[in-house]
Amino acid sequence: MKIRPIQASDNQAIKHILQADLKAAHLDIPGTAYFDKNLDTLSQFYEKARRDYFVVVDDFQEVVGGAGFAEFDLEKNIAELQKLYLSKAAQGHHLSYQLISLVEQAAKKAGYDKLYLETHHNLKAAIHVYHKAGFTKLAGPIEESLHSGAMDGFFIKSLN
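Per an unreviewed UniProt entry, the protein chain is named GNAT family N-acetyltransferase, and its organism is Companilactobacillus pabuli.

Engineer: I would appreciate a short explanation of the overall build of the protein chain in the present structure.
Structural biologist: Counting secondary structure elements, the protein chain contains four helices and seven strands. Ordered by position in the sequence, the α and β elements of the protein chain form the string β-α-α-β-β-β-α-β-α-β-β. For 160 residues, the compact-globule estimate of 2.2 N^0.38 gives 15 Å, and the C-alpha radius of gyration of the protein chain, at 14 Å, lies within 12% of that figure. With the C-alpha coordinates aligned to their principal axes, the bounding extent of the protein chain is approximately 40 × 35 × 30 Å. Per-residue burial over the protein chain gives 52% buried out of 160 residues. For the protein chain, restricting intrachain contacts to residue pairs at least 6 apart in sequence, the fraction spanning at least 24 positions comes to 63%. Per element, the accessible surface of the protein chain, about 8,300 Å² overall, is 54% carbon and sulfur. Averaged over its 18 positive side-chain charges, the protein chain has a centre that lies 3 Å from the centre of its 20 negative ones.

Engineer: I would appreciate a short explanation of the nonpolar core in the present structure.
Structural biologist: One recurring pattern in soluble globular proteins is that nonpolar side chains are buried together. Membership of the largest hydrophobic core comes to 26 residues, with the highest contact counts inside it found for Phe69, Leu81, Ile100, Leu115, Tyr130 and Phe135. Broken down by secondary-structure element, the contributors of at least two residues to this core are strand E2 (52-57), strand E3 (63-73), strand E4 (78-86), helix H3 (95-109), strand E5 (114-119) and helix H4 (124-132). Ranked by residue count, the leading element in this core is H3, at six residues. Of all hydrophobic cores here, the second largest spans 20 residues; its members include Ile14, Phe45, Val63 and Ala70.

Engineer: Looking at this model, I keep getting lost on helix H1 (residues 11-24). Mind explaining?
Structural biologist: Note: α-helices contain 3.6 residues per turn, so residues at a spacing of three or four share the same orientation. Here H1 contains 14 residues, and its C-alpha end-to-end distance of 20 Å stays within 8% of the 20 Å for a straight helix at 1.5 Å per residue. Regarding H1, the residues found buried are Asn11, Ile14, Lys15, Ile17, Leu18, Gln19, Asp21 and Leu22. Looking at the buried side of H1, the elements it contacts are helix H2 (42-45), E2, E3 and E4. Following H1 by one or two positions, His26 adopts a phi angle in the positive range, close to 60°.

Engineer: What am I meant to see in the pattern of salt bridges here?
Structural biologist: Any two side chains of opposite charge can pair, given that their charged atoms come close. Counted by the stated rule, this structure contains six salt bridges. The partner of Arg51 in a salt bridge is Glu71, with the nearest N and O atoms 2.6 Å apart. Of the two residues, Arg51 is situated in the loop between H2 and E2 and Glu71 in strand E3; the sequence distance between them amounts to 20 residues. Between Lys157 and Glu104 there is a salt bridge; the shortest N-O distance is 2.8 Å.

Engineer: Teacher, can you tell me more about the pairing of E5 here?
Structural biologist: In summary, the side chains of a regular strand alternate between the two faces of the sheet. Taking burial as the measure, the six residues of E5 include five buried ones, the bulk of the element. Where E4 lies against E5, three bridges are found, and the strand directions are parallel. Its bridge partner lying in E5, Ile78 is registered against Lys114. For the segment spanning E4, H3 and E5, crossover handedness is right-handed.

Engineer: Just checking my understanding: could you explain H3 for this structure?
Structural biologist: End to end, H3 covers 21 Å across 15 residues, agreeing with the expected 21 Å (1.5 Å per residue, within 8%). If you check which residues of H3 are buried, you get Leu95, Ser96, Leu99, Ile100, Val103, Glu104, Ala106 and Ala107. At the C-terminal side of H3, Gly111 shows a positive phi close to 100°.

How each quantity is defined
Residues numbered from 1 in each chain as written. Predicted model: local features only at pLDDT ≥ 70, side-chain atom pairs only at ≥ 80, totals over all residues. Heavy atoms only, no water. Helix = DSSP H or I, 4+ residues; strand = E, 2+ residues; numbered from the N terminus. Rg over C-alpha atoms; globule rule 2.2 N^0.38 Å. Buried < 20%, exposed > 50% of the residue type's maximum accessible area, 1.4 Å probe, protein only. Contact = heavy atoms within 4.5 Å. Areas by Shrake-Rupley, 256 points an atom, 1.4 Å probe, with all protein chains shown as cover. Lys, Arg positive; Asp, Glu negative; His and termini not counted. Charge placed at Lys NZ, Arg CZ, Asp CG, Glu CD. Core = buried A, V, L, I, M, F, W, Y, C linked by side-chain atoms within 4.5 Å. Expected span 1.5 Å × (residues − 1). Salt bridge = Lys/Arg side-chain N within 4 Å of Asp/Glu carboxyl O. Pairing = 2+ DSSP bridges. Right-handed = clockwise from strand over helix to strand, strands pointing away.

Next comes the structure, spelled out in structure tokens:
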């Protein structure tokens, strides 16, 4: 498996993986990434300054997952870890940790001090990964965001 920056040709694969994972967790509901208006153009969304997205490709160059970051609170220098999803075939190979590490490095290089994320209690494996990767659980969201209404797990990690 190899990790590389997202390309336009990866957009539909990531959209499919993300929506399949959320549907399996019964999170194909408004307020989740399932309905993110940028799913068809993810590579373009992450081209902007202080954003990035990485995909995992298998030995056949098929996209099997990805993760990225974008600004969350510029005044406090906080980025948000976004769209960390892996296909069923890619799960269980510690790829989540590799993606998180790469996102942390890139976010720090982009000038962010902290990485924030929102998740849902149905995503138990993801919550386990976030704890193990050093994220601290918060009592609630940092501020109202697009996903806060549907999400009920909030985490943050210092990048210093």
